[in-house]
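What follows is the residue order along each chain.
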Amino acid sequence: MTPDIDLDEEARPPADRSWGRKFADALRGVKIAFRSEINFFVHFFVAVIAGVAGGIVTMTDERWCIYILCVTVVLAAELFNTAIERLARAVTREEHPEIRDALDIAAGAVLMTSIGAGIVGVLMIGWPFVAQLAR
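Given the structure is predicted, the values throughout are model-derived calculations rather than measurements.

Cut-off values and rules
Residues numbered from 1 in each chain as written. Predicted model: local features only at pLDDT ≥ 70, side-chain atom pairs only at ≥ 80, totals over all residues. Heavy atoms only, no water. Phe/Tyr/Trp six-rings, centres within 6.5 Å; stacked < 30°, edge-to-face > 60°. Helix = DSSP H or I, 4+ residues; strand = E, 2+ residues; numbered from the N terminus. Buried < 20%, exposed > 50% of the residue type's maximum accessible area, 1.4 Å probe, protein only. Lys NZ or Arg CZ within 6 Å of the ring centre and 35° of its normal. Expected span 1.5 Å × (residues − 1). Contact = heavy atoms within 4.5 Å. Salt bridge = Lys/Arg side-chain N within 4 Å of Asp/Glu carboxyl O. Axes fitted to C-alpha atoms, helices over the stretch in contact; angles between N-to-C directions. Parallel < 35°, antiparallel > 145°, perpendicular 65-115°, else oblique. Nonpolar A, V, L, I, M, F, W, Y, C, P; charged D, E, K, R; others polar.

(A) Layout of the packing of aromatic side chains. Overall, the coordinates contain 5 aromatic pairs when judged by the stated rule. For the pair Phe41 and Phe45, a centre-to-centre distance of 6.4 Å together with 15° between the ring planes defines the contact as stacked. With a gap of 4 residues between them, Phe41 and Phe45 both fall in helix H2 (residues 38-56), about one helical turn apart. The exposure class of Phe45 is partly exposed, given its relative accessible area of 48%. Both rings, one in Trp64 and one in Tyr67, keep their centres 5.5 Å apart while their planes meet at 85°; by these two values the pair is edge-to-face. Here Tyr67 and Trp64 lie together in helix H3 (residues 61-91), a separation of 3 residues that amounts to about one turn. Using a relative accessible area of 26% as the deciding quantity, one classes Trp64 as partly exposed. Residue Tyr67 is classed as buried on the basis of its relative accessible area, which comes to 13%. Connected via pairs of aromatic rings, a cluster forms that spans Phe34, Phe40, Phe41, Phe44 and Phe45. We note Lys22 situated over the ring of Trp19; from NZ or CZ to the ring centre the distance is 4.9 Å.

Below is the structure:
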């Protein structure tokens, strides 16, 4: 059973939208996540703090690239997780084992990327930061 959807100018299928419209919609998605999802905000805030610490320890260009890649992967995982959560709520509010599994798997993806980025952050930023403070 699919609900009837009335497609107005703003909600046209992706193939009918211009590149500018697609870009604007993508930015809207990031804005929604930033404003409504505390986990996205927390990950972003931690990334900013780590970036400041990275600036203090004067990371190399290669380390900055790795840092930016880690931040991007974690934030993208959080966006995917948020999208799956919203889609699941739109489909049903009832308990469903497969939906619960999908939500848990998506949350697991965020956890895995966060752990990996945290380890990379400690190795690239944390230890050099502590060593610089100890001087």
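Next, the rest of the story.
(B) Spatial organisation of H3. Helix length check: H3 (31 residues) gives 45 Å between terminal C-alpha atoms against 45 Å at 1.5 Å per residue, within 8%. Contact partners of the buried residues in H3: H2 and helix H4 (97-134).

(C) Local environment of unusual backbone geometry. For Thr58, which is not glycine, the phi dihedral falls at a positive 45°. For Thr58, a relative accessible area of 64% translates into the label exposed.

(D) Summary view of the pattern of salt bridges. Per the stated rule, a full pass over the model turns up 4 salt bridges. A salt bridge links Asp101 to Arg100, with the shortest nitrogen-to-oxygen separation between them at 3.7 Å. For Asp101, a relative accessible area of 37% corresponds to the partly exposed category. Look at Arg100 and you get partly exposed, because its relative accessible area is 42%. One network of salt bridges, with partners in common, ties together Arg17, Arg21 and Asp25.

(E) Highlighting the environment of Ile68. By secondary structure assignment, the location of Ile68 is in helix H3. Note on Ile68: relative accessible area 48%, which makes it partly exposed. Sequence separation of Ile68 and Gly51 is 17 residues, and the distance between their C-alpha atoms is 8.9 Å.

(F) Spotlight on the packing of helix H1 (residues 19-36) against H2. Running from N to C, H1 and H2 point in directions that differ by 95°, and their axes come no closer than 5 Å. Taken together, H1 and H2 sit at an angle that is classed as roughly perpendicular. Residues Val30, Ala33, Phe34 and Ser36 of H1 lie in contact with H2, whose contacting residues are Ile38, Phe40, Phe41 and Phe44. Of the residues assigned to the contact of H1 with H2, the class counts are 7 nonpolar, 1 polar and no charged.

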